[in-house]
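Each chain, letter by letter, is given below.
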Amino acid sequence: MAFVCISASAADFEVDDFEYNVISFDEMTCAIVGYNTNEPVNLVIPETVVYNGRTFTVTRIDYRAFNECFLLISVTIPNSVIRIGQYAFSECQSLNSINIPNSVIEISEYAFSGCTSLASITIPNSVTIIGDHAFDGCSSLTSVTIPGSITSISEYAFRDCLALKSISIQNGVASIESYAFYDCDALTSVTIPNSVTSIKWYAFYDCDALDIVTIPKSVMMYKNSFYGTYPKYVIVGSTAAFDVLSSTNTVEITLLDDFDEDNNTILDYDGDGGISASLYVQNCWSLERIVSLTPTPPTMGYSYPFSNQQIMNLEVLVPTSALPLYQQAEGWKDLWNLKGGAETATGIENITVPSKEKKSCMYNINGMKVEHTVPGEIYIKDGKKFIAR
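All of these numbers come straight from a predicted model, not from anything done at the bench. (Residues numbered from 1 in each chain as written. Predicted model: local features only at pLDDT ≥ 70, side-chain atom pairs only at ≥ 80, totals over all residues. Heavy atoms only, no water.)

Asks: I'd like a description of the overall build of the protein chain, backed by residues and values.
Replies: When you go through the protein chain residue by residue, the secondary structure sums to three helices and 31 strands. Taken across its 389 residues, the protein chain has 53% of its residues classed as buried. A separation of at least 24 residues holds for 41% of the contacts in the protein chain among residues at least 6 apart in sequence. Split by element, the accessible area of the protein chain, about 17500 Å² in all, is 47% carbon and sulfur. (Helix = DSSP H or I, 4+ residues; strand = E, 2+ residues; numbered from the N terminus. Buried < 20%, exposed > 50% of the residue type's maximum accessible area, 1.4 Å probe, protein only. Contact = heavy atoms within 4.5 Å. Areas by Shrake-Rupley, 256 points an atom, 1.4 Å probe, with all protein chains shown as cover.)

Right under this line is the structure:
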């Protein structure tokens, strides 16, 4: 059976099974538009190609160039390529490795969708655009780092990445669009950097293994952005983030030191309107602990924000220097177990260290193993969370 990647349009020329279209005769550049072979292949795309005595530089991998190339195992892309086009490697179901160089600026819509064997991918800092559905259905992908050069994580970009356990979103990303991580069932934790200003509708829909979520005060929350997701450990910098994330499943809430109670609007789908959020924890039936790092007691929602059981049993840690303020603040002053020490609290307890790793290993809040700490950041070691000093 021949392995044929059908070109979306007639090729200008063919060399060594690659089909090309000329982009510019002045600059002598070309794009790959198709490929033909009859056996499994570890593909190395050439940086230049000679045709009729003239040398062209390969700068693009165009629309459907390798679409449904079922026997494609690995791909190395040269440093000359700046764009990976729509559906370029879509449905390459045997593709398990790809090298994307620092020359690539754009990964277009559906570029790697349906690559069900792709277990890892490195997105270089040169990339500024990841198109809608770019990695949709990459069901073997286990981790991904989104560089800060990408300002927006597009709609459905990582939908149905069922094995995705950890994501690292770097500072510089400004928005996470609707359905970006829809139905990522294995995702256990996510930390949103301070550069992010919005998390859109259903961005983390039905990520039902997501236990730890950290969202800074900079983020404008959209209604249902975490629909079907019920994290146990909620670390937030605003009232809106608290309201969106807290649930009957929440065990511990951490209010960050720069907590912003004025960021209390949860936006509708189009961002034009919304509802006002509040700190109200009576519905958090599983809640055991609140760690408030903010020196100013946030305003509690409603007249009775805590249930009777919470008033008697909830452990609440606040900054030692601010304890007198909390003891006089409405809502907070009623708590029986209100005490100082939040600034030295170890935080989330009983985090399970993966069984394949030694207990001496250290992880960041995304579950990724690290060797060194950064002061002020949160880490997990020997099953316990701590803040690096």
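Still more ground to cover, so stick around.
Asks: Give me the environment of Ile 84: which residues, what numbers.
Replies: Position of Ile 84 among the secondary structure elements: in strand β9 (residues 83–84). Taking the C-alpha atoms as reference points, Ile 84 and Ile 100, separated by 16 residues in sequence, lie 9.4 Å from one another. Contact partners of Ile 84, with chain neighbours within four places excluded, come to Ile 61, Ile 77, Phe 89, Ile 100, Val 104, Glu 106, Ile 107, Ser 108, Ala 111 and Phe 112.

Asks: Let's hear about the pairing of strand β5 (residues 41–44): which residues, and what values?
Replies: Residues of β5 alternate between two faces, with Val 41 and Leu 43 buried on one and Asn 42 and Val 44 left unburied on the opposite face. Two strands pair when backbone bridges link them, and β5 and strand β8 (residues 72–76) are joined in this way by four bridges, in the parallel orientation. Bridge assignment links Leu 43 to a residue of β8, and that residue is Val 75. (Pairing = 2+ DSSP bridges.)

Asks: Give me the lowdown on the pairing of strand β25 (residues 289–292), citing residues and values where you can.
Replies: By the alternation rule, side chains of β25 split into Arg 289 and Val 291 and Ile 290 and Ser 292, which are all buried. In this structure, strand β22 (residues 252–260) lies alongside β25, joined through four bridges in parallel fashion. The partner of Ile 253 across the bridge, within β25, is Ile 290. Strand direction decides the pairing type here: β25 and strand β26 (residues 315–318), joined by three bridges, are parallel. Across the sheet, residue Arg 289 finds its bridge partner in β26, namely Glu 315. Handedness of the β25-helix α2 (residues 308–313)-β26 crossover: right-handed. (Right-handed = clockwise from strand over helix to strand, strands pointing away.)

Asks: Explain unusual backbone geometry to me, and be specific about the residues and the numbers.
Replies: With phi around 65°, His 133 is a residue other than glycine that occupies positive phi space. With respect to the secondary-structure elements, His 133 resides in the loop between β12 (129–130) and β13 (143–146). The class of His 133 is buried, set by a relative accessible area of 12%. Of note, the phi angle at Tyr 202 is positive, near 60°, even though the residue is not glycine. The topology assignment puts Tyr 202 in the loop between β18 (198–199) and β19 (212–215).

Asks: Hey, could you go over the sheet that holds β8 for me, with residue numbers and the actual values?
Replies: The parallel open sheet is built from three strands, whose spatial order is β5-β8-β10. Both edges of this open sheet fall to β5 and β10 (97–99), since each of them pairs with a single strand only. When strand polarity is set aside, the average angle formed by the axes of neighbouring strands in this sheet is 15°. (Axes fitted to C-alpha atoms, helices over the stretch in contact; angles between N-to-C directions.)

Asks: Outline the sheet that holds strand β20 (residues 220–221), supporting the account with residue identities and numerical values.
Replies: Here we have four strands laid out as an open sheet, ordered β14-β16-β18-β20, and parallel in their pairing. Across the chains shown, the open sheet's two edge strands, defined by having one partner strand only, are β14 (152–153) and β20. Alignment of β14 against strand β16 (residues 175–176), held across two bridges, turns out to be parallel. Looking across to β16, one finds that Ser 152 is bridged to Ser 175.

Asks: Any chance you could break down the nonpolar core for me, citing the residues and the numbers?
Replies: Core analysis: the largest hydrophobic core is formed by 102 residues, its most contacted members being Phe 66, Phe 89, Phe 112, Phe 158, Ile 199 and Phe 204. Looking at this core, the element that brings in the most residues is helix α1 (residues 239–245), giving five residues. Those residues in contact with Phe 204 that sit more than four places away from it in its chain are Ile 167, Ile 176, Phe 181, Leu 187, Val 190, Ile 192, Ile 199, Ser 225, Phe 226, Tyr 227 and Thr 229. Counting five residues, the second-largest nonpolar core is a separate cluster that includes Tyr 233, Ile 235, Val 251 and Leu 256. (Core = buried A, V, L, I, M, F, W, Y, C linked by side-chain atoms within 4.5 Å.)

Asks: Provide a residue-level description of the side chain of Asp 136, including the pertinent values.
Replies: As for its position among the elements, Asp 136 is in the loop between β12 and β13. Given the relative accessible area of 8%, Asp 136 is considered buried. If we skip the residues at most four places from it in the chain, Asp 136 touches Ser 113, Gly 114, Tyr 156, Ala 157, Arg 159 and Asp 160.

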